[in-house]
Amino acid sequence: MSGTFLGMPAFPRNAEKALLNSQLRFNLRNATHTIRARRAAVVDELPDWERLRAAGKAIKDDALRNLDRYLVQAEEAVTRAGGHVHWAADAAEAGRLVADLVRATGETEVVKVKSMATQEIGLNEILRDAGIVAAETDLAELIVQLGDDLPSHILVPAIHRNRAEIREIFRERMADWGRPAPPDLTDDPAALAEAARRHLRERFLTAEVGISGANFLIAETGTLVVLESEGNGRMCLTLPRTLISVVGIEKVLPTWRDLEVFLQLLPRSSTGERMNPYTSTWTGAAEGQEFHLILLDNGRTNALADEIGRQALRCIRCSACLNVCPVYERVGGHAYGSVYPGPIGAILTPLLRGTATDLDASLPYASSLCGACYDVCPVAIDIPEVLVHLRAKGPHPPAERLGMKAVGWTLNRPARLRLAQRAASRLRRLVPRRRLPGPGAAWTDTRDVPAVPEESFRAWWRRTEGREGGAR
Amino acid sequence: MSSRERILARVRAAVAGAPPVRVERDHRTAGHGPGDAGLFAERVRDYRAAVHVVPADQVADAVARALAERGARRVVVPDGLPEEWLPAGLERLRDDPPLGAAALDAADGVITGCAVAIAETGTIVLDTGPGQGRRALTLVPDYHLCVVPAARIVPAVPDAVARLDPSRPLTWISGPSATSDIELNRVEGVHGPRTLDVVVAAG
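Residues numbered from 1 in each chain as written. Chains lettered and ligands numbered in written order. Predicted model: local features only at pLDDT ≥ 70, side-chain atom pairs only at ≥ 80, totals over all residues. Heavy atoms only, no water.

### Observations concerning the overall build of chain A
The helix and strand tally for chain A stands at 23 helices and 10 strands. What you see for chain A is a C-alpha radius of gyration of 25 Å, in line with the 23 Å of a compact globule of 472 residues. Along the longest, intermediate and shortest principal axes, the C-alpha atoms of chain A span 85 × 55 × 45 Å. The proportion of buried residues among the 472 residues of chain A is 58%. If you take every contact in chain A between residues at least 6 apart in sequence, the share linking residues at least 24 apart comes to 74%. Here chain A displays about 19,900 Å² of accessible surface, and carbon together with sulfur accounts for 53% of that area. (Helix = DSSP H or I, 4+ residues; strand = E, 2+ residues; numbered from the N terminus. Rg over C-alpha atoms; globule rule 2.2 N^0.38 Å. Buried < 20%, exposed > 50% of the residue type's maximum accessible area, 1.4 Å probe, protein only. Contact = heavy atoms within 4.5 Å. Areas by Shrake-Rupley, 256 points an atom, 1.4 Å probe, with all protein chains shown as cover.)

Right, dumping it as structure tokens:
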């Protein structure tokens, strides 16, 4: 791994490789099934879950519909409360803004709270090139950073690693970044967590600059909200003198009251807890801190302009869709080649980035369209609908278009279908079992050729008048 | 054109002509009377925190017992914490002038009250008001003892959101610091306080 998703090949190639890794499949199966069961239990506890889900969807849709107004309102509120607001059209601009703000403090080290937005813009690499060391402080992000690895899950980026692998990473790499791992470190999760605590403690207590994202930004009050578990978030948000938050423009919620919905939907959907251990909220410059908010577009307005695709911007990054996805469970997050893996990544990534690369064009196909992701989504994003929409929008090879046209022509008249089926039955022995010739070869790369039956269903029905088991 | 203007123009163009959205709030909303102290205690215990429910006049005894059990002697006490909650002979650290991070790290623990507590989720919320102190006080020391008067307990999340003031920095706490990053096993105690004790002052 090289620490960047750039230049990743298309999904089928990544998936093929991942499927050969039985350790990965074992780790993933274990983890996703654990969290799935936990989520289901705490969701069932709430009598009004479906009504909360409907409210969450509507609040987000309203926020997106009036995003211009809410963004300006949030900007005014944050400024009024002593914060500074900056706007970044793309990753490079956001990175430049952060680097300049850090430089202005005279510091060369920052502590970071896990944040998808900063992952998305490759902030750590931008800062490194500017001579600034960005230390990840979430345990899973630390594992990824020390292992020179890539995140593979939205909530638990190191889900592809088991405890034995984590122990090795800590023993080999912690010393390069600060306090080394204890020599007698075991692979007990509590011991590993303790090693991370000691490793990061002095860094927290001396850090002068913290960098975060946010789960929500309240337009009405200018309040930022971060949900987390470990307390590393509180450390980064509270102790440094300067706090810089990089927040996607779709994170806006219209009113303070809207949190009554999202503080129920998010923890239950993501970690399967009634509530996450820590939630911090702050408005502007809290407790004498210097506070900078960077509002990030980076493709979000592209997604917003897609009438069917814009619902992906409702996403609150809970990752419930990853944990129920049969495709994700088998190939893992790296195969999606972006910081947003799984079903939501399969739609969000091409909506944000476009479909110019092979990888991005292949993502809408990284799904079986089973619909489990839609069922668990706390803001009711119809992921299968968007997948089909993006597939239809994408480029199709001439052979496929011609084939589909022929199929359409045949299906359009019962007589034509009958003729075609009869012909197929007669010629069935000529159909190859494994690989179709010519342009069909691409289709059979990842599938077996279905066996052509001796008799079509319609012919069977006519012969037997639909009696079970045929004529008697 | 500035990035601000460019982004806002792109947003406006993207949603031009989209229909308005109606937001229905037919979920359970705020205003369902007081929260159930028993349910609150049970839900806090689910996070593997220790909970002691005592009559209001026995809070100091419960605090003394909890501190003794954790071996906590030098304890940070934020200004405004009710004196009757504190046992006699406590070695108190005051946050005035503000304690440095190293001093907080060296303390055995911190005692606070809270702004609101939520029964359904077992959550306590601090808003830096009297008896709670600034956010670092309940973060850096490894042990947090929180006294929750029963009158501060509300039934569910919407009641808490309705009661809280967003202009204050808020910290919502549900059990001790925890991580699930290693094979999704929950491990208590990473960067925040490893131990959370809650004393509920009933009635």
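### Observations regarding the UniProt feature "domain: LUD" (unreviewed entry) in chain A
What UniProt calls "domain: LUD" (unreviewed entry) maps, in this numbering, to residues 73–287 of chain A. Helix and strand shares over residues 73–287 of chain A are 44% and 19% respectively, and the end C-alpha atoms of the span are 23 Å apart. (UniProt positions renumbered as here; feature names shortened; annotations may be inferred.)

### Here's the deal with the nonpolar core
Membership of the largest hydrophobic core comes to 147 residues, with the highest contact counts inside it found for A:Phe170, A:Ile344, A:Ile347 and B:Trp172. Apart from residues lying up to four places away in sequence, A:Phe170 is in contact with A:Leu139, A:Leu142, A:Ile143, A:Leu146, A:Ala181, A:Leu185, A:Leu192, A:Ala195 and A:Ala196. (Core = buried A, V, L, I, M, F, W, Y, C linked by side-chain atoms within 4.5 Å.)

### Considering the interface of chain A and chain B
If you look at the interface, chain A gives 92 residues, while chain B gives 71 residues. Counting the surface chain A buries against chain B, the share from its top three residues, A:Arg65, A:Arg197 and A:Arg234, is 10%. Our enumeration of links across chain A and chain B arrives at 14 salt bridges. Linking B:Arg43 and A:Glu45 is a salt bridge whose minimum nitrogen-to-oxygen distance equals 3.8 Å. The interface formed by chain A and chain B includes 41 residue pairs in polar contact (both at pLDDT 80 or more). With 11 residues, helix α10 (residues 189–206) of chain A is the single largest residue contributor to the side of chain A that touches chain B. A per-class count over the side of chain A that touches chain B returns 45 nonpolar, 20 polar and 27 charged. (Buried area = accessible area lost by both parts, 1.4 Å probe. Salt bridge = Lys/Arg side-chain N within 4 Å of Asp/Glu carboxyl O. Polar contact = N/O pair within 3.5 Å; in protein donor to acceptor, adjacent residues only side chain to side chain. Nonpolar A, V, L, I, M, F, W, Y, C, P; charged D, E, K, R; others polar.)

### Some points on the packing of aromatic side chains
Think of a pair of aromatic rings as described by two things: how far the centres are apart, and how the planes are tilted against each other in angle. Residue and element names in this part refer to chain A. Scanning all chains against the criterion turns up 7 aromatic pairs over all chains. Taking the centre distance of 5.9 Å and the plane angle of 90 degrees together, the rings of tryptophan 282 and phenylalanine 291 count as edge-to-face. Across this residue pair, the class does not change: tryptophan 282 and phenylalanine 291 are buried. Feature note: the residues Phe11, Tyr328 and Tyr336 constitute an aromatic cluster, connected by ring pairs. A cation over a ring is seen here: arginine 69 above tyrosine 70, with NZ or CZ 5.0 Å from the ring centre. (Phe/Tyr/Trp six-rings, centres within 6.5 Å; stacked < 30°, edge-to-face > 60°. Lys NZ or Arg CZ within 6 Å of the ring centre and 35° of its normal.)

### Comments concerning the domain arrangement of chain A
When cut into domains, chain A gives domain 1 (11–301) and domain 2 (406–464). Once you take the C-alpha centre of each, domain 1 of chain A and domain 2 of chain A turn out to be 51 Å apart. (Domains from an automatic or database assignment.)

### Considering the UniProt feature "domain: LUD" (unreviewed entry) in chain B
Cross-referencing UniProt, the feature "domain: LUD" (unreviewed entry) maps to residues 105–200 of chain B in the present numbering. Annotation note: span residues 105–200 of chain B, helix share 9%, strand share 41%, distance between end C-alpha atoms 26 Å.

### Side note on a positive patch on the surface
All names here are of chain A. A cluster of basic residues, Arg418, Arg422, Arg426, Arg458 and Arg462, forms a positive patch at the surface. Of all the secondary-structure elements, those providing two or more residues to the positive patch are α21 (414–426) and α23 (457–464). Per element, the largest residue contribution to the positive patch is 3 residues, and it comes from α21. Along the chain, arginine 458 falls in helix α23. Since its relative accessible area comes to 31%, arginine 458 is described here as partly exposed. (Patch = residues over 30% accessible without salt bridge, like charges linked within 9 Å, V, L, I, M, F, W, Y side chains within 5 Å. Lys, Arg positive; Asp, Glu negative; His and termini not counted. Charge placed at Lys NZ, Arg CZ, Asp CG, Glu CD.)

### Points about the pairing of strand β6 (residues 223–228) of chain A
Residue and element names in this part refer to chain A. Most of β6 is tucked away, with 6 of its 6 residues classed as buried. Neither face of β6 is left uncovered, since the one carrying Thr223, Val225 and Leu227 and the one carrying Leu224, Val226 and Glu228 both have all their residues buried. Two strands pair when backbone bridges link them, and strand β5 (residues 216–218) and β6 are joined in this way by 2 bridges, in the antiparallel orientation. In the sheet register, leucine 217 faces β6, and the bridge partner there is leucine 224. Where β5 hands over to β6, the hairpin turn is made up of 4 residues, of which glycine 222 adopts a positive phi near 75 degrees. Examined bridge by bridge, β6 and strand β9 (residues 278–283) share 6 bridges and lie antiparallel to one another. What sits directly across from valine 225, in β9, is threonine 281. (Pairing = 2+ DSSP bridges.)

### Overview of the UniProt feature "domain: Lactate utilization protein B C-terminal" (unreviewed entry) in chain A
The positions UniProt marks with the feature "domain: Lactate utilization protein B C-terminal" (unreviewed entry) are residues 393–464 of chain A. This span, residues 393–464 of chain A, is 56% helix and 0% strand, and a straight line between its end C-alpha atoms measures 43 Å.

### Here's the deal with the sheet that holds strand β5 (residues 116–118) of chain B
Strand order in the open sheet made by the 8 strands is β8(A)-β5(A)-β6(A)-β9(A)-β9(B)-β6(B)-β5(B)-β8(B), with mixed pairing throughout. Of all strands in the sheet, those with a lone pairing partner are β8 (252–253) of chain A together with β8 (153–154) of chain B, marking the two edges. Across 4 bridges, the pairing between β9(A) and strand β9 (residues 170–173) of chain B is antiparallel. Along β9(B), the bridge assignment pairs A:Tyr278 with B:Ile173.

### So, empty space enclosed by the protein
Per the stated rule, a full pass over the model turns up 8 cavities of 30 Å³ or more. Of the volumes computed, that of the largest cavity is approximately 670 Å³. As for the largest cavity, its lining consists of 41 residues, and the residues nearest its centre are A:Lys114, A:Leu155, A:Asn215, A:Leu227 and A:Glu228. Residue assignment for the lining of the largest cavity shows that the elements contributing at least two residues are α2 (22–44), α6 (116–120), β6, β7 (242–248) and α12 (259–270) of chain A together with β10 (178–182) of chain B. With 4 residues, the top contributor of residues to the lining of the largest cavity is β10(B). Across the lining of the largest cavity, the residue classes break down as 18 nonpolar, 12 polar and 11 charged. Taken as a whole, the second largest cavity encloses approximately 100 Å³ of empty space. (1 Å grid on protein atoms, 1.4 Å probe; cavity = no way out; pocket = protein on both sides within 12 Å on 5 of 7 lines; lining within 4 Å. Points joined across faces, edges and corners; volume = space filled by probe spheres on them.)

### Re the environment of B:Val11
Among the structural elements, B:Val11 can be located in helix α1 (residues 3–15). Overall, B:Val11 belongs to the buried group, its relative accessible area being 0%. Sequence-wise, B:Val11 and B:Val199 are 188 residues apart; in three dimensions their C-alpha atoms are separated by 50 Å. Apart from residues no more than four positions distant in its own chain, B:Val11 is found in contact with A:Leu67, A:Asp68, A:Ile249, A:Thr301 and A:Leu304.

### Thoughts on the pattern of salt bridges
In total, this model carries 51 salt bridges over all chains according to the counting rule given. A salt bridge links A:Arg53 to A:Glu50, with the nearest nitrogen and oxygen atoms 3.2 Å apart. Of this pair, A:Arg53 and A:Glu50 are both found in helix α3 (residues 49–65), 3 residues apart, which corresponds to roughly one turn of the helix. For A:Arg53, a relative accessible area of 12% translates into the label buried. A:Asp68 serves as the salt-bridge partner of B:Arg12, at 2.9 Å between the closest nitrogen and oxygen. Of the two residues, B:Arg12 is situated in helix α1 and A:Asp68 in helix α4 (residues 67–80); the pairing between them involves two chains. With relative accessibility at 41%, the residue B:Arg12 sits in the partly exposed group. Owing to a relative accessible area of 18%, A:Asp68 belongs among the buried residues under this scheme. One connected set of salt bridges, linked through shared partners, spans A:Glu45, A:Arg268, A:Arg274, B:Arg43 and B:Asp46.

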